[in-house]
Amino acid sequence: MSPTVAVLDYGFGNVRSALRAAEHVGATAILSSDFDTCLNADGLIIPGVGAYAACMQGIDRVRGGAIIDARMVASRPVLGICVGMQIMFEQGIEHGITTRGLGQWPGTVDQLVAPIVPHMGWNNVVPPDSSSLFAGVESELFYFVHSYAVQEWVMTDTDPYQHPPTVTWSDYGAPFIAAVENGPLSAVQFHPEKSGEAGLTLINNWVGTLT
Amino acid sequence: MTLAARVIACLDVDAGRVVKGVNFVDLVDAGDPIELASMYGAAGIDELVFLDITASSSDRETTLELVRRSADQVFIPVTVGGGIRSIEDIDALLRAGADKVSINTAAIARPELLREAAQRFGSQCIVLSLDARRESGQPSGFGVTTHGGRESAGLDAVQWAQSAADFGVGEILLNSMDADGTKAGFDLELIKAVRGAVNIPIIASGGAGVPSDFVAAINAGAQAVLAASIFHFGEVSIAQVKSALKADSIPVRESTRLVS
């Protein structure tokens, strides 16, 4: 039986592409904001584009934080995409305004400093050997479109995390975090649903971990 | 940084059909935008632009359906432009699955639309489409045109690009109406002039004839290069463009086939 993937419907993100990409690799995908549906699906995708503060308001409206917390307790996979990754961190700073995030990971989302912003286009990533998300596509390019990113990984080895995080970096003006794999919680700054065959492979890798 | 230069194909669409002709072998239906989009995806195109030249608003639903079908089958970024006049138009296209929308005439008529759109949907998905032409009366020597280059908007092109960036657009699709259709190369002076005024990405458009033209446009300061008919008629392939860029030490995305 194919795994079910819920895409959290909170008013942000290119949900259509996320749904079709999950279906393309064999999942049964549904768009939902229903608490139980999102809690019980084999996998949950948190999409997201636009402003951090607006996305957090949307997440709060559908109790997205509580859904993710509950899934973490049950070790059920969650994949955040773009702003859906950024909100997993403690806070985001956009236009000088600090917005609280979900705080699954320590760290701050801040403005990219580069000659040309947004960072728009296909860029490479540097996944560590421990990555399963990037298996087979370690050398591929992925499609990014963002002006903000997490540029410092502040979690220490002594933090009491059950699953040691696998952090994948990219570089645009300065290094920033392109992906994190941390037990059931994974997130990517780029858009795998827009990254052609490489992106579909990554989504396939993630769907392959669902039961 | 190894951000790749983007190679973009533009498809002109009227009432859901590709017009201006596309001349490829192996196409079941040369007018079907989805079949063309899939083919370009397989050929290694980095991004697609659908330019909706539909005159009547009653055909807008046809365009939305096209965008939906495209998002269902083509997993690369898609920009939709043409006839976008309001926040509601943008919302409908993004919901249908467009990644970005390009705004042209409506922004000239009411520049605040750019600010409202960028605030509502995020800079990353709002593109200013700027049809520029050499115009001696403008400070930069380049003016903004409307109606496919036939009429002057009475604006300086470089200043307009700068204003749009200040309003929050995330990218400029810079069309040279002088170079368009000539196949004599992109207008490099235009690219340099706009590059000097804004720090957002520029897509160079108009005038591409041979692979080395694309290299010159990137070296002039564009982050992406767009062409239409020379790709559609197979005069220049995506692979040839990428080879030329790569030979000039410009990073590109090599096309891959990973998932069956």
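This one's a predicted model, so the numbers in the text were calculated from it and none came from an experiment.

Across its full length, chain A holds six helices and 13 strands. Against the globule reference of 17 Å for 211 residues, chain A gives a C-alpha radius of gyration of 16 Å, in line with a compact fold. C-alpha atoms of chain A, sized along the principal axes, occupy 45 × 35 × 35 Å. Of all 211 residues assigned to chain A, the portion counted as buried reaches 55%. In chain A, once contacts between residues fewer than 6 apart in sequence are set aside, the share between residues at least 24 apart is 71%.

All names here are of chain B. Look at helix α1 (residues 33-42) against helix α2 (residues 60-73): their axes get within 10 Å of each other, and the N-to-C directions meet at 30°. By the angle class used here, α1 and α2 are roughly parallel. In this structure, α1 crosses over α2, and the sense of that crossing is right-handed. Residues P33, I34, A37 and S38 of α1 touch α2, and the partners they reach there are L66, R69, S70 and Q73. Residue classes in the contact of α1 with α2 are distributed as four nonpolar, three polar and one charged.

All names here are of chain A. Pairing between strand β11 (residues 166-172) and strand β12 (residues 174-182): seven bridges, direction antiparallel. Across the sheet, the residue bridging to T166 is E181, located in β12. Taken together, β11 and the strand that follows it, β12, pair antiparallel across an intervening segment of one residue, in which G173 is found at a positive phi of about 80°.

Before going further, it helps to examine the sheet that holds strand β4 (residues 78-81) of chain A. Residue and element names in this part refer to chain A. The strand order β2-β1-β3-β4-β13-β12-β11 describes an open sheet built from seven strands, whose pairing is mixed. One side of each edge strand has no neighbouring strand; the edge strands of this open sheet are β2 (28-32) and β11. Adjacent strand axes in the sheet meet at a mean angle of 25°, parallel and antiparallel pairs treated alike. Bridge analysis of strand β1 (residues 4-8) against strand β3 (residues 43-46) gives three bridges, and the strand direction is parallel. Residue pairing for β3: V7 is matched across the bridge by I45.

This part is about the interface of chain B and chain A. Chain B puts 31 residues into the contact, and the matching count from chain A is 38 residues. Per-element tally for the side of chain B that touches chain A: the top contributor is α2(B), with three residues. When the residues that make up the side of chain B that touches chain A are grouped by side-chain class, the tally is 13 nonpolar, 10 polar and eight charged.

On to the sheet that holds strand β6 (residues 97-100) of chain A. All names here are of chain A. Taken together, four strands build an open sheet; the order of strands is β6-β5-β7-β10 and the sheet is mixed. Each of the sheet's edge strands pairs with one partner strand only, and the pair in question is β6 and β10 (148-150). Neighbouring strand axes in the sheet, compared pairwise and without regard to direction, differ in orientation by 20° on average. Where strand β5 (residues 89-94) and β6 come together, four bridges link them in antiparallel fashion. The residue bridging E94 from the neighbouring strand is I97, located in β6.

Let's shift gears to the pairing of β3(A). Here is the key point about a regular strand: its side chains alternate between the two faces of the sheet. Residue and element names in this part refer to chain A. Alternating positions in β3 separate into two faces, G43 and I45 on one and L44 and I46 on the other, with burial throughout. With three bridges connecting them, β3 and β4 associate as parallel partners. Residue pairing in the sheet places L44 in a bridge with V78 of β4.

The subject of this paragraph is helix α10 (residues 238-247) of chain B. In an α-helix, one full turn covers 3.6 residues, which means residues spaced three or four apart are oriented alike. Residue and element names in this part refer to chain B. Residues I238, V241, K242, A244 and L245 constitute the buried set of α10. Projection of α10 onto a plane perpendicular to its axis shows the buried side chains occupying an angular sector of 160°, all on one side. For α10, the secondary structure elements touched by its buried residues are β1 (6-14), α8 (211-219) and α9 (229-232). Phi turns positive one or two residues past the end of α10, at S249, with a value near 65°.

Before going further, it helps to examine the confidence of the model for chain B. Per-chain confidence: chain B averages 91 in pLDDT, with 92% of residues scoring 70 or above. With a pTM of 0.95, the predicted complex shows an ipTM of 0.93.

Residue and element names in this part refer to chain A. Within the secondary structure, A198 is located in helix α6 (residues 196-207). By C-beta crowding, A198 is classed as buried, having 25 other C-beta atoms within 10 Å. In this structure the C-alpha to C-alpha distance between A198 and L141, which are 57 residues apart in sequence, comes to 7.4 Å.

Rules and cut-offs
- Residues numbered from 1 in each chain as written.
- Chains lettered and ligands numbered in written order.
- Predicted model: local features only at pLDDT ≥ 70, side-chain atom pairs only at ≥ 80, totals over all residues.
- Helix = DSSP H or I, 4+ residues; strand = E, 2+ residues; numbered from the N terminus.
- Rg over C-alpha atoms; globule rule 2.2 N^0.38 Å.
- Buried ≥ 20, exposed ≤ 12 C-beta atoms within 10 Å, placed from the backbone.
- Contact = placed C-beta atoms within 7 Å.
- Axes fitted to C-alpha atoms, helices over the stretch in contact; angles between N-to-C directions.
- Parallel < 35°, antiparallel > 145°, perpendicular 65-115°, else oblique.
- Left-handed = near helix turned anticlockwise from the far one by under 90°.
- Nonpolar A, V, L, I, M, F, W, Y, C, P; charged D, E, K, R; others polar.
- Pairing = 2+ DSSP bridges.
- Arc of directions from axis to C-beta.
- pLDDT = per-residue confidence, 0-100.

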